[in-house]
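The primary structure of each chain is shown beneath.
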Amino acid sequence: MTDKDLLRGASDRALAVVLAVAKAPLAVLGLPLVPLQLLGYPLILVTVGVPLTLGATALARGYANLHRDLAGRVLGEQIPRPYRAPANRGPMTRVRTIATDPATWRDLAFLPLNAIVSVLFGFLPAALWASGALAMATPLLWQLGADGLAYLGIDERTPGGYVAVPLLATAHLALAWWATPRLVRVPALLARWLLAPSARAALSTRVRQLADSRADTVDAQAAELRRIERDLHDGAQARLVALGMSLGMAEELLARDPEAVRALLAEARESSSLALAELRGLVRGIHPPVLADRGLDGALRALALAHPLPVAVDVELAGRPQAPVESAAYFAAAEALTNVAKHSGATGAWLRVRHEAGVLRLVVGDDGRGGARADAGGGLRGIERRLAAFDGTLVITSPVGGPTTVTMELPCALSSEKTSSCSETA
Amino acid sequence: MRVVLGEDLVLLRDGLIRLLRAYDFEVVEAVDSGPALLEALVRHRPDVAVVDVRLPPTFTDEGLRAAIRARKRVPGLPVLVLSQYVERLYARELLSDRGGAVGYLLKDRVSDVRQFVDAIRRVAAGGTAMDPEVVTQLLARGGRDQSLAALTPREREVLSLMAEGRSNGAIAARLFVTEKAVGKHIANIFAKLDLPLSEDDNRRVLAVLAYLDRL
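Source: prediction; values computed, not measured.

Parameters at a glance
- Residues numbered from 1 in each chain as written.
- Chains lettered and ligands numbered in written order.
- Predicted model: local features only at pLDDT ≥ 70, side-chain atom pairs only at ≥ 80, totals over all residues.
- Heavy atoms only, no water.
- Helix = DSSP H or I, 4+ residues; strand = E, 2+ residues; numbered from the N terminus.
- Buried < 20%, exposed > 50% of the residue type's maximum accessible area, 1.4 Å probe, protein only.
- Contact = heavy atoms within 4.5 Å.
- Areas by Shrake-Rupley, 256 points an atom, 1.4 Å probe, with all protein chains shown as cover.
- Patch = residues over 30% accessible without salt bridge, like charges linked within 9 Å, V, L, I, M, F, W, Y side chains within 5 Å.
- Salt bridge = Lys/Arg side-chain N within 4 Å of Asp/Glu carboxyl O.
- Phe/Tyr/Trp six-rings, centres within 6.5 Å; stacked < 30°, edge-to-face > 60°.
- UniProt positions renumbered as here; feature names shortened; annotations may be inferred.
- Pairing = 2+ DSSP bridges.
- Axes fitted to C-alpha atoms, helices over the stretch in contact; angles between N-to-C directions.
- Expected span 1.5 Å × (residues − 1).
- Bend = angle between axes of the 7 residues up to and from the residue.
- Parallel < 35°, antiparallel > 145°, perpendicular 65-115°, else oblique.
- Left-handed = near helix turned anticlockwise from the far one by under 90°.
- Nonpolar A, V, L, I, M, F, W, Y, C, P; charged D, E, K, R; others polar.

## Quick word on the overall build of chain A
Part 1 of the argument: For chain A, the count of helices and strands is 13 helices and five strands.
Part 2 of the argument: The 426 residues of chain A split such that 37% are buried.
Part 3 of the argument: Summarising the internal contacts of chain A: among those between residues at least 6 apart in sequence, 68% fall at separations of at least 24.
Part 4 of the argument: Carbon and sulfur atoms make up 64% of the accessible area of chain A, which amounts to about 23,700 Å² in all.

Right, dumping it as C-alpha cells:
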C-alpha cells in the first residue's frame, strides 16, 4: 500500500463516517411519512384523502428515491425506480395505481427499518473511531492525571498498562479501519433489498420493454414494406410502362417515320437500364448481395469504399452473427455513415467493429461539428428501433463542436464459421 | 378531342402527352395531384379524362376518388383510369353509377398503342373499357354460377370481350367471325343469363358487367 492509497483510504473512511452520522437524522425524519401515508386511505371516503394520499406518496417516493441514490452511490450500482405508471392522469386512477403497487408498501416498510438500521449503523463507525482514538490517548491522559480512566479493564495501576493499551488501541483502530466501509454498506443493502424492484416488478418492466420493442419492430417492418412498394411503383414499374409505351409507339411509326423510331428505341433502351438500376438499388436496400457473400466485414468495407468521405474501417470478427442480426448491424452502420456524410460536415470518419463478451459493438465516429441527436423520425431514431428488435442499444456522444461517436451494441453469438475470403473462392 | 391527364410521375406524364398528341388528342391540362385533378375536370369538362389511380397527396387511390367525385358534379364525364394493378373493388366503384363512359386499364396496356387509343375513344364516346384482368377476376368469381356454366367456350369468349367493352364489330374482327355470328352468340348469352337484350352496344356491356359484378 503506497502513501497515496493510505491517504485515499483515510479520506474515504472519514467521509463515510461523516455521511453515516449525517444520514441518521435523515432516516429518523422519514418516520412521520408512515402515519402520513396510512392516514390518507381511510380519508379517501371523505375526498380529502385523495390529495392527501397523492401528496404523501409523492413525498415518500421522493424520499425513497433520495435513499436509492445514496445507497446506489455506496454500493456502486444504480437502484432503479420500481413504480408503476398510472393508466391515466385521473386522481382516482393514480390512487388506485399507488395502492396496488407493491413498491408503495415496500417503501412503507423501509421507513421504520431504515430509521433503526441507519441510526445504529450511522453512529457505530464514529463510535469505533472515537473510542479507538480515546484509547490511544489514554496513557497520555493518565500522565495528565486522569487516573480513573480505564480501557478494556486496564487502568493506570495495571502492570504493563502503558504498553498494552497502545497495542490494543492500535488493534482497535485497525478494526475501525477494516469495519467502516463494511458497516456503512449495511443501510445501503437494506435500501437495495426493499427499494429495488422485486423480481416480479423487474419481469413486468422487461415485458413492457419487449412489448414496446415488438410494436416498434412491427411498425418499422410495415414502413419498410410500404417503402419497397412505393419504390417499385414509382421506379421500376413506371420505367417498364414507359419502356412499353416507347416500343408501342415505335411499332406504330415503323413504316412512316424511321428516324422517330430510332429515337424511341434509344429511349426504350435507356428506360430498361434505368429500371434495372432501380431494381438493383432496391435489392441493395432489402439485403445487400455483398453482405450475403462476404459477411459484415466485407459489406462494411464495401460501404466505406462507396462513402464520399474517407472511412477508416477496423473490423475484427471471428465469425458471423445470425443473418437478421448481421443485417440489422449492417443497416445501422450504413445509416450512421450516411448521417456522417449528410450532417456532420466532417472530413473523415472511422468505423470499428468488435465482438466481445457476447456483444457485437459497432462504433462510428467522425471529426465533424457534433450536436447529433436521435430525433423522432430521424435516421438515428430509425437505427434505435432496428436495434431494439434484437435488444440492441444506441448511444450517441456528440458534443456541439464535435467529435461525434455513435456506439451501437447488439447482444449476439457468432457462428464459428469463418467468412470465406476471395482468395479461397477464386 | 380534349383530354385532361392526371399522372404524377413525370416520366409517364410526358410519355402519355406525347402519345396522345401523336393521335390528335388535345391535352388541355396535365395535373399531378388529386385535388388539382378534380378542379381541372370540373373546370375544363374534357371529352375524356385519363387518370392514374394513385396520386398525391395521399399516394393511395386519390386519382380514383377525384374521378368519381368529378362524375358526381359532371354526370357522365368520361373517365379512363390507369393503374399498375387492378382491383375489382375499384372497377365496381367506377361502374356503380351505371352511367357508362368509364374505363379501367392496367398501365401495361399503353404499350399496345392502337388498342389504348381505341379504348380512350370508346370511353369518350360513352362506352366502356375494362381491363381483361378485371374481367378475368369477375369471371373467376362466377365459377359456380349455373347460368355461366351453361355457356359454350365460344360464348364465354364473346362474353369476356363484351365485358371488356368491345363493340360487336371489334369482337367479330378479333374472333375472325362475322358480326352476324357475334350477334347470335350475344343473343344466346343474354338468353342463358336471363338478361333483357338491348339494341345498344353500351347498354349490353353494362348489363353484362352488372350481372358479373353481382356474382
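## Describing a nonpolar patch on the surface
Part 1 of the argument: Nonpolar side chains collect at one region of the surface, where L45, V46 and V48 of chain A lie side by side and expose about 330 Å² of accessible area between them.
Part 2 of the argument: Residue placement: L45 of chain A occurs in the loop between helix 2 (33-43) and helix 3 (49-75).

## As for the packing of aromatic side chains
Residue and element names in this part refer to chain A.
Part 1 of the argument: Summed over all chains, the structure comprises three aromatic pairs over all chains.
Part 2 of the argument: When the centroid spacing of 5.6 Å and the interplanar angle of 35° are considered together, the rings of Y41 and W105 count as tilted. With Y41 in helix 2 and W105 in helix 5 (residues 102-143), this pair connects stretches of sequence that are 64 residues apart.
Part 3 of the argument: Looking at W105, the relative accessible area reads 35%, which means it is partly exposed.
Part 4 of the argument: Geometrically, the ring pair formed by W142 and Y162 is edge-to-face, given 5.3 Å between the ring centres and 75° between the ring planes.

## Some remarks on unusual backbone geometry
Part 1 of the argument: Residue P56 of chain B is joined to P57 of chain B through a cis peptide bond whose omega torsion reads 5°.
Part 2 of the argument: As for its placement among the helices and strands, P57 of chain B is situated in the loop between strand 3 (48-52) and helix 3 (62-73).
Part 3 of the argument: The backbone phi angle of D391 of chain A is positive, close to 60°, even though this residue is not glycine.
Part 4 of the argument: Here D391 of chain A lies in the loop between helix 12 (379-388) and strand 4 (393-397).
Part 5 of the argument: Not every positive phi belongs to a glycine, and D24 of chain B is a case in point at roughly 65°.
Part 6 of the argument: Residue placement: D24 of chain B occurs in the loop between helix 1 (10-22) and strand 2 (26-31).
Part 7 of the argument: Relative accessible area serves as the criterion here: at 67%, D24 of chain B is assigned to the exposed category.

## Looking at the UniProt feature "modified residue: 4-aspartylphosphate" (unreviewed entry) in chain B
Residue and element names in this part refer to chain B.
Part 1 of the argument: When the UniProt feature table is mapped onto this chain numbering, "modified residue: 4-aspartylphosphate" (unreviewed entry) sits at D52.
Part 2 of the argument: Along the chain, D52 falls in strand 3.
Part 3 of the argument: Contact partners of D52, with chain neighbours within four places excluded, come to G6, E7, D8, G63, L64, L82, S83 and K107.

## Here's the deal with the sheet that holds strand 5 (residues 404-411) of chain A
Residues and elements named next belong to chain A.
Part 1 of the argument: Strands sit in the order 1-2-3-5-4 across an open sheet of five strands; the sheet is mixed. Two strands in the sheet have a free side with no partner beyond their single neighbour: strand 1 (311-316) and strand 4. Neighbouring strand axes in the sheet, compared pairwise and without regard to direction, differ in orientation by 10° on average.
Part 2 of the argument: Here strand 4 pairs with strand 5 via five bridges, running antiparallel. Within strand 5, the position partnered with T393 by the bridge is E409.
Part 3 of the argument: Taken strand by strand, helix 12 contacts strand 4 and strand 5, and its axis lies near 150° from that of strand 4.

## A word on the sheet that holds strand 6 (residues 128-130) of chain B
In any sheet, the strands associate via hydrogen bonds between backbone groups, in a parallel or an antiparallel arrangement.
Residue and element names in this part refer to chain B.
Part 1 of the argument: Here we have six strands laid out as an open sheet, ordered 2-1-3-4-5-6, and parallel in their pairing. Edge positions in the sheet fall to strand 2 and strand 6, since each has one partner strand and no second. Strand-to-strand twist of the sheet, defined as the mean angle between neighbouring strand axes without regard to direction, takes the value 20°.
Part 2 of the argument: Summarising the sheet, strand 3 and strand 4 (residues 79-83) pair through four bridges and their orientation is parallel. When the sheet's bridge partners are listed, V50 is paired in strand 4 with L80.

## Side note on the pattern of salt bridges
Oppositely charged side chains can pair when the atoms bearing their charge come close.
Residues and elements named next belong to chain A.
Part 1 of the argument: Evaluated as defined, the whole model comprises 36 salt bridges over all chains.
Part 2 of the argument: Close ionic contact of E224 with R227 constitutes a salt bridge, the shortest N to O distance being 3.0 Å. Here E224 and its partner R227 are both found in helix 8 (residues 199-253), three residues apart, which amounts to about one turn of the helix.
Part 3 of the argument: Put simply, R227 and D231 hold a salt bridge, and the shortest N to O gap is 3.1 Å. Placement of the pair is R227 and D231 together in helix 8, with a separation of four residues, close to one helical turn.
Part 4 of the argument: In this structure R227 comes out as partly exposed when scored by relative accessible area, which is 32%.

## Some remarks on helix 10 (residues 289-306) of chain A
Residues and elements named next belong to chain A.
Part 1 of the argument: Here helix 10 spans only 15 Å end to end across 18 residues, well under the 26 Å set by a 1.5 Å rise per residue.
Part 2 of the argument: At G295, helix 10 shows its maximal bend, which comes to roughly 135°.
Part 3 of the argument: The set of residues buried in helix 10 consists of L291, G295, L296, G298, A299, L300, L303 and A304.
Part 4 of the argument: On its buried face, helix 10 is in contact with strand 1, helix 11 (323-344), strand 2 (349-356) and strand 3 (359-366).

## Some remarks on the packing of helix 8 of chain A against helix 12 of chain A
All names here are of chain A.
Part 1 of the argument: Interhelical geometry of helix 8 versus helix 12 gives an angle of 120° and a closest axis separation of 8 Å. Taken together, the axes of helix 8 and helix 12 lie oblique to each other. The handedness of the crossing between helix 8 and helix 12 is left-handed. Listed contacts from helix 12 to S213, D216, D219, A220 and E224 of helix 8 are R381, R385, R386 and A388.
Part 2 of the argument: Classifying every residue of the contact of helix 8 with helix 12 gives two nonpolar, one polar and six charged.

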